[in-house]
Amino acid sequence: EPEVTQTPSHQVTQMGQEVILRCVPISNHLYFYWYRQILGQKVEFLVSFYNNEISEKSEIFDDQFSVERPDGSNFTLKIRSTKLEDSAMYFCASNPSVASGTDTQYFGPGTRLTVL
Amino acid sequence: RKEVEQDPGPFNVPEGATVAFNCTYSNSASQSFFWYRQDCRKEPKLLMSVYSSGNEDGRFTAQLNRASQYISLLIRDSKLSDSATYLCVVIGGPLYNFNKFYFGSGTKLNVKP
């Protein structure tokens, strides 16, 4: 069964450093998402991406964050200058399309980001 | 007001019990609703979509009440393996707007032998 993959599984970084979290969505999916979950808290929507552009973003997704789909397979989340409060699990998800007849999101296993 | 609200629990039940979780949502334009399951430190996984007519999948039954903006999940004959956090998820907007999914904070279920 196809799945969403994410790398690395755990990233440790110093405050102020840039990090790039990588995701490979399921190959025929058209909608891509990033979420974060701070330990013990709820899953929070960050951004959705469709047709090579951001379609929605939350108030969390400020100028420190950016997303890219640099090629046909990868979907990346960049945090320019990490803060302590960016420490969280970051989940990537993808969704096929309206035409597929399903509105299910498929989640990757997550990248745990620790900012020291 | 939060987009999606759930009772955080935990619900501690014996094996074989029936347990029900509730969820309310604030956006009356929402059209798509889901229950996800999340095990500790793992990604959310879709349990079932919630349809207007209600739907059942084995021991799991989901109901939607649009007038009250309320979703429920019923688990019958609970198993030890049902222990997890159950997340109510709502797409924030009209039908086929896949751009924004709102998650509730989750309801924790502990099934005891």
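So, how was this worked out
Residues numbered from 1 in each chain as written. Chains lettered and ligands numbered in written order. Predicted model: local features only at pLDDT ≥ 70, side-chain atom pairs only at ≥ 80, totals over all residues. Heavy atoms only, no water. Helix = DSSP H or I, 4+ residues; strand = E, 2+ residues; numbered from the N terminus. Rg over C-alpha atoms; globule rule 2.2 N^0.38 Å. Contact = heavy atoms within 4.5 Å. Areas by Shrake-Rupley, 256 points an atom, 1.4 Å probe, with all protein chains shown as cover. Disulfide = S-S within 2.5 Å. Buried < 20%, exposed > 50% of the residue type's maximum accessible area, 1.4 Å probe, protein only. Core = buried A, V, L, I, M, F, W, Y, C linked by side-chain atoms within 4.5 Å. Pairing = 2+ DSSP bridges. Axes fitted to C-alpha atoms, helices over the stretch in contact; angles between N-to-C directions.

## Observations regarding the overall build of chain A
Piece 1. Helix and strand content of chain A: zero helices and eleven strands.
Piece 2. From first element to last, N terminus to C terminus, chain A shows the α and β order β-β-β-β-β-β-β-β-β-β-β.
Piece 3. In terms of overall size, chain A behaves like a compact globule, its C-alpha atoms giving a radius of gyration of 14 Å where 116 residues would be expected to give roughly 13 Å.
Piece 4. Nonlocal contacts in chain A, meaning residues at least 24 apart in sequence, comprise 54% of its contacts between residues at least 6 apart.
Piece 5. Counting every atom, chain A has about 5700 Å² of accessible surface; 46% of that belongs to carbon and sulfur.

## Some details on the state of the cysteines
Piece 1. In the structure shown here, the tally under the stated rule is two disulfides over all chains.
Piece 2. Paired by a disulfide, Cys23 of chain A and Cys92 of chain A hold their sulfur atoms 1.9 Å apart. What sets the handedness of the Cys23 of chain A and Cys92 of chain A disulfide is the S-S torsion sign, and at about -65° it is left-handed. Residue Cys23 of chain A is found in strand β3 (residues 19-24), and its partner Cys92 of chain A is found in strand β9 (residues 88-95); the two are separated by 69 residues along the sequence.
Piece 3. Classification of Cys23 of chain A by relative accessible area gives buried; the value is 0%.
Piece 4. Here Cys23 of chain B connects covalently by a disulfide to Cys88 of chain B, the sulfurs 1.9 Å from one another.

## Observations concerning the nonpolar core
A general feature of soluble globular proteins is that nonpolar side chains tend to end up buried together.
Residues and elements named next belong to chain B.
Piece 1. With 23 residues, the main nonpolar core has Phe21, Trp35, Ile71, Leu73, Ile75, Tyr86 and Leu109 as its most contacted residues.
Piece 2. Looking at this core, the elements with two or more residues in it are β3 (19-25), β4 (33-38), β5 (45-50), β7 (60-65), β8 (70-75), β9 (84-91) and β11 (107-112).
Piece 3. When residues no more than four places from it in sequence are discounted, the contact partners of Ile75 are Ala17, Thr18, Val19, Phe21, Arg59, Phe60, Asp82, Tyr86 and Leu109.

## So, the sheet that holds strand β8 (residues 75-79) of chain A
Residues and elements named next belong to chain A.
Piece 1. Reading across the sheet, the four strands line up as β1-β3-β8-β7 and stay open at both edges, with antiparallel pairing between neighbours. Each edge of the open sheet is held by one strand with a lone partner, namely β1 (5-7) and β7 (65-68). Taken pair by pair, the neighbouring strands of this sheet meet at an average axis angle of 20°, ignoring direction.
Piece 2. Alignment of β1 against β3, held across three bridges, turns out to be antiparallel. Paired with Thr5 across the bridge in β3 is Val24.

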